[in-house]
Amino acid sequence: MIADGLGTTLFLAMVFFVAIPGSGAFLVRRRWRRFRRALLEARGAPSVTYGLAHQGGGNGSFRFFGRLEAIQADHTIWVGDRTLSVMVRLDGVPVFVMPHAPTDRPEPPDQTPRVLYWKDLSALAEGTQVFVCGSIVDDQGSIRIEGGPDGVPLVIIFDGPSEELFPQAMWAGRQRNEYWNHLTPISLIAGFVSETLWAVTVVGESRLQAVIALVVALVPVLPLFPPGVAAFYWYRRLWRHARRIRARRDLALVQQATPASRQRRGGNALSRAASRLELVAVALLAVGIGTNGYLLAALAALLLR
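Residues numbered from 1 in each chain as written. Predicted model: local features only at pLDDT ≥ 70, side-chain atom pairs only at ≥ 80, totals over all residues. Heavy atoms only, no water.

## Some details on the packing of aromatic side chains
Scanning the entire structure with this criterion turns up 10 aromatic pairs. Consider the rings of Phe65 and Phe166, whose centres lie 6.2 Å apart with planes at 85°: the pair is edge-to-face. Residue Phe65 is found in strand β1 (residues 62–72), and its partner Phe166 is found in helix α3 (residues 165–172); the two are separated by 101 residues along the sequence. Judged by its relative accessible area of 23%, Phe65 falls in the partly exposed class. Phe166 sits in the buried class, given a relative accessible area of 7%. Between Phe232 and Tyr235 the ring centres are 5.9 Å apart and the planes differ by 25°, which places this aromatic pair in the stacked class. One end of the pair is Phe232 and the other is Tyr235, both in helix α6 (residues 228–252) and 3 residues apart, which spans about a single turn. (Phe/Tyr/Trp six-rings, centres within 6.5 Å; stacked < 30°, edge-to-face > 60°. Helix = DSSP H or I, 4+ residues; strand = E, 2+ residues; numbered from the N terminus. Buried < 20%, exposed > 50% of the residue type's maximum accessible area, 1.4 Å probe, protein only.)

Given below as structure tokens:
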């Protein structure tokens, strides 16, 4: 009975505290990996010109820097510069909004770009700087940019010089912590409720099992209390440092001065260093959770005697 009860407790914890947030982390990491890949392709794409656009454009992707001119009701925006205007249909197309980058900092901020969709774009002001990359089509005399490097146009809203967009976007194009994603809050709440209900179910048969289930139910908040909070503090510092290492690797990919072979070697070394830091960070977090969990279980056992 004890083994079965412990197995149920661990199963619920693995599903709601590991598997579901982990699957969300995989999806988030894939999204930003595709974003960075699209950025690299867009950086090497030719610019849209008036003559090229009205000649059909040819195959491949083209990039365009402009300012927002109009938003139409049919999920279309118009972006223009001093020479021409292009239209972009945004049905299901993510729009990436770059964080503001202070000019007095040696490195861009660690904030991840916001991702907006059509329903969120009504508040955009005319004149907002927009970057678009995709194939170009002659749409009844108008220039339309559609499917890009990833099957949809790459659309980025930014503020600042256009030449700084690619390095800033490569630096920022990574989730601060993939574990915390759109699935995590719901999953943690569901895990807490499930473990609590399980503890209520087994308390009549085994107080020990009930205590273990209640302690596991509190795993999401255990690192926030002493003494485990010290481990949580170092976990966040190390994870943030690992992210910055990976961001430097991404930034190196858009720097022309470094030969490709040296970039690959340097990138692999930076990836290994970041992975080691992440492993140490996760180990520290586990130690903090384990320490606080043990102390909480011991306190609960004393109170229930």
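That shown, we press on.
## Concerning α3
The buried fraction of α3 is high, at 7 of 8 residues. For α3, the full list of buried residues reads Leu165, Phe166, Gln168, Ala169, Met170, Trp171 and Ala172.

## Regarding a nonpolar patch on the surface
Together, Ile189, Phe192, Val193, Leu197, Leu218, Val221, Leu224 and Phe225 make up an exposed nonpolar region whose accessible area comes to about 720 Å². Structurally, Ile189 is set in helix α4 (residues 184–202). Ile189 gets classed as exposed once you look at its relative accessible area, which sits at 55%. (Patch = residues over 30% accessible without salt bridge, like charges linked within 9 Å, V, L, I, M, F, W, Y side chains within 5 Å. Areas by Shrake-Rupley, 256 points an atom, 1.4 Å probe, with all protein chains shown as cover. Salt bridge = Lys/Arg side-chain N within 4 Å of Asp/Glu carboxyl O.)

## Structural notes on the environment of Thr9
Topologically, Thr9 is positioned in helix α1 (residues 2–43). For Thr9, a relative accessible area of 0% gives the class buried.

## A few points about the pattern of salt bridges
Close approach of charged atoms allows side chains of opposite charge to pair. According to the stated counting rule, one finds 8 salt bridges in the structure shown. The partner of Asp250 in a salt bridge is Arg36, and the shortest N-O contact between them spans 3.5 Å. Taken as a pair, Asp250 in helix α6 and Arg36 in helix α1 lie far apart in primary sequence, 214 residues in all. Judged by relative accessible area, which is 2%, Asp250 ranks as buried. Relative accessible area serves as the criterion here: at 10%, Arg36 is assigned to the buried category. Two residues, Arg249 and Asp250, come together in a salt bridge whose shortest N-O distance is 3.1 Å. Each member of the pair, Arg249 together with Asp250, is buried. Here the residues in one salt-bridge network are Arg36, Arg174, Arg249 and Asp250, joined through shared partners.

## Things to note about the sheet that holds β1
Here we have 9 strands laid out as an open sheet, ordered β5-β4-β9-β6-β1-β2-β3-β8-β7, and mixed in their pairing. In the strand order of this sheet, the two ends are held by β5 (114–116) and β7 (136–139), each with one partner. Direction aside, the axes of adjacent strands within the sheet are offset by 35° on average. Here β7 runs beside strand β8 (residues 142–145); their pairing, made up of 4 bridges, is antiparallel. Residue pairing for β8: Asp138 is matched across the bridge by Ile143. Across the sheet, α3 is in contact with β1, β6 (129–134) and β9 (154–158); its angle to β1 comes to roughly 85°. (Pairing = 2+ DSSP bridges. Axes fitted to C-alpha atoms, helices over the stretch in contact; angles between N-to-C directions. Contact = heavy atoms within 4.5 Å.)

## Concerning the pairing of β6
Of all 6 residues that make up β6, 6 are buried, and the element is covered over most of its length. By the alternation rule, side chains of β6 split into Gln129, Phe131 and Cys133 and Val130, Val132 and Gly134, which are all buried. The pairing of β1 with β6 spans 6 bridges and is classified as antiparallel. If you follow Arg67 over to β6, its bridge partner there is Gln129. In the sheet, β6 pairs with β9 via 5 bridges, with the strands oriented antiparallel. Note that in β9 the partner of Phe131 across the bridge is Ile156.

## Things to note about the side chain of Gln129
Summarising the element assignment, Gln129 is placed in strand β6. Residue contacts for Gln129: discarding those within four places in its chain leaves Gly66, Arg67, Ile156, Ile157, Phe158, Asp159 and Gly160.

## A look at the side chain of Glu178
Note on placement: Glu178 falls in the loop between α3 and α4. The exposure class assigned to Glu178 is buried, which follows from its relative accessible area of 7%. A polar side-chain atom of Glu178 sits 3.2 Å from a polar atom in the side chain of Arg29. Among residues more than four places away in sequence, those in contact with Glu178 are Ala25, Val28, Arg29 and Trp239. (Polar contact = N/O pair within 3.5 Å; in protein donor to acceptor, adjacent residues only side chain to side chain.)

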